[in-house]
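# Summary of structural features
Single-letter residue listing:
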Amino acid sequence: MPEWDDQLASKAEQWAQGCDFSHNQDKSSALGTVGENIAINQDPIHGGIKHWESEKSHWTYGNSDTGCTRGSCGHYTQIIWAATTKIGCGVYTCSQFSSSDGGDMSGFDGYKYLVCNYYQAGNYPGEPPYKTGKGGEKTTGGDKPTEGGTPTGGWETTGGETPTGGWETTGEGGTQTGGWETIEA
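Let me begin by describing the structure that accompanies this report. Because the structure is predicted, anything quoted here is derived from the model rather than measured. (Residues numbered from 1 in each chain as written. Predicted model: local features only at pLDDT ≥ 70, side-chain atom pairs only at ≥ 80, totals over all residues. Heavy atoms only, no water.)

This part is about the state of the cysteines. Per the counting criterion, the structure on display carries 2 disulfides. Between the sulfur of C19 and that of C94 lies a disulfide, 2.1 Å long from S to S. With the S-S bond torsion at -90°, the cross-link from C19 to C94 turns out left-handed. Pair noted here: C19 is in the loop between helix 1 (6-17) and strand 2 (35-41) and C94 is in the loop between strand 3 (86-93) and strand 4 (112-119), with a separation of 75 residues, a long-range link. Judged by its relative accessible area of 7%, C19 falls in the buried class. (Disulfide = S-S within 2.5 Å. Helix = DSSP H or I, 4+ residues; strand = E, 2+ residues; numbered from the N terminus. Buried < 20%, exposed > 50% of the residue type's maximum accessible area, 1.4 Å probe, protein only.)

Relative to the helices and strands, T77 is located in helix 3 (residues 74-80). By relative accessible area, T77 is classed as buried at 3%. At 2.4 Å, the side chain of T77 and the side chain of N123 are in polar contact. (Polar contact = N/O pair within 3.5 Å; in protein donor to acceptor, adjacent residues only side chain to side chain.)

So, about helix 1. The terminal C-alpha atoms of helix 1, which comprises 12 residues, lie 16 Å apart, in line with the 16 Å expected from a rise of 1.5 Å per residue. The set of residues buried in helix 1 consists of L8, A9, K11, A12 and A16. Here the buried residues of helix 1 occupy an arc of 160° about the axis, which is enough to place them on one side. Exposed residues on helix 1 whose side chains face more than 90 degrees from its buried face are D6, Q7 and Q14. Taken together, the buried residues of helix 1 touch strand 1 (3-4), strand 3 and strand 4. Its side-chain oxygen placed 3.0 Å from the backbone nitrogen of Q7, D5 serves as the N-cap of helix 1. Residue C19 follows helix 1 closely and has a positive phi angle near 55°. (Expected span 1.5 Å × (residues − 1). Arc of directions from axis to C-beta. Contact = heavy atoms within 4.5 Å.)

Encoded structure:
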């Protein structure tokens, strides 16, 4: 499971305070290049993260370049990117939003802005967020998948929940033996 990083959180908080609902073009940090998820919501912690997680229904492992079957799924794949070891988030209530991407932000004044930075960044073109293989193997995002198999990392799941840290589940029930935290699907 990724560890909290205060420097990534400070970078996220700084971006959120600018109230510009677009991705920060400065992806640099003391750790290296970071990935980023952003959300606006009245309840950003629950609502924003729930929205990112909901993109799971738009994603299938091994499907095309990104795995997206429809719509957007990049927030979800960043969350499950196996090579991500650190995360830091910031939240700020914006009295007025803008968007350097040109989006209409009217109607969101007074909402909270959630920004999360991830190291290592994910969503590399042509690279899956994790690899599949035999249980017990170490995996990192960007490794090429093998045919079939179960999620790697020293434990297996058989469904009903989405493990954090870069794994997919199938079937019913679920067994966790490797110390990763799970969230309900």
